[in-house]
Amino acid sequence: MKKTDAPAVASIQVRAWRKAYATIIDSAYLSSLNVEKKIIDWQTGMEVNDDVTRLLVCKNQKVLGFAVGLENRDSIEDADAELAAIYIDPDHWNKRLGGKLFLKMEDEFRIKGFRSYFVWVLEENFLARRFYEKRGGKILPQRKAITLNRISYPVVSYLFKL
């Protein structure tokens, strides 16, 4: 992923959040998501975090999805790494792109010498939870909450062995 990919990635992120979380996250928060701000966030992140793995899935040179992985930065003791994000353009859901991107990130984790990784998932995001469970993710006892617009949302964690 390059800085020039930031507009496509930011657009996918905002559109995917709005669709995937429409019945989970407060609509005012989802409406407030700003692609221009996300572009800046992505470009800044790429300048600062060079140890992060960022992957794209493209077709005909158009970005259709992305994934982000990095060394474990959380309190999940059994994991070496974290799958921090994986999003597909909502217009391209159910075309197996997420699964391909997921497997590519696992390959990257192996190359870096990681033996396991985890992912945080909104507890009510049953579509994503099925995605991870289908791929062998084991629910962990670790839970936390994220707060968006002063509303708390529980998240669960899944562990994957490589």
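In this report, the structure presented in the accompanying data block is examined. All figures in this text were calculated on a predicted structure; none of them were measured in a lab. (Residues numbered from 1 in each chain as written. Predicted model: local features only at pLDDT ≥ 70, side-chain atom pairs only at ≥ 80, totals over all residues. Heavy atoms only, no water.)

A word on the packing of aromatic side chains
According to the stated counting rule, one finds 15 aromatic pairs in the structure shown. Ring centres of W17 and Y21 lie 4.8 Å apart, and the angle between their planes is 90°; on these two criteria the pair is classed as edge-to-face. Look at Y21 and you get buried, because its relative accessible area is 8%. Ring pairing ties together the aromatic residues F102, F109, F114, Y117, F131, Y132, Y158 and F160, which thus form one cluster. Positioned above the aromatic ring of F131 is the side chain of R135, whose terminal nitrogen or guanidinium carbon lies 3.8 Å from the ring centre. (Phe/Tyr/Trp six-rings, centres within 6.5 Å; stacked < 30°, edge-to-face > 60°. Buried < 20%, exposed > 50% of the residue type's maximum accessible area, 1.4 Å probe, protein only. Lys NZ or Arg CZ within 6 Å of the ring centre and 35° of its normal.)

Here's the deal with the nonpolar core
In terms of nonpolar packing, the biggest core is built from 33 residues, with W17, Y21, I25, W42, F66 and Y87 touching the most fellow members. Secondary-structure elements contributing two or more residues to this core are α1 (6-20), α2 (27-32), α3 (35-48), β2 (62-71), β3 (81-88), β4 (116-122), β5 (138-148) and β6 (151-161). (Core = buried A, V, L, I, M, F, W, Y, C linked by side-chain atoms within 4.5 Å. Helix = DSSP H or I, 4+ residues; strand = E, 2+ residues; numbered from the N terminus.)

As for the pattern of salt bridges
Taken as a whole and judged by the stated rule, the model has ten salt bridges. Residue R15 is joined to D89 by a salt bridge in which the shortest nitrogen-to-oxygen separation is 3.0 Å. On the criterion of sequence distance, the pair formed by R15 in helix α1 and D89 in the loop between β3 and α4 (97-111) is long-range, its members being 74 residues apart. For D89, a relative accessible area of 5% translates into the label buried. Note that R73 is salt-bridged to E82, the shortest N-O span being 2.9 Å. Overall, R73 belongs to the exposed group, its relative accessible area being 56%. (Salt bridge = Lys/Arg side-chain N within 4 Å of Asp/Glu carboxyl O.)

Just distances and angles here, no functional claims.
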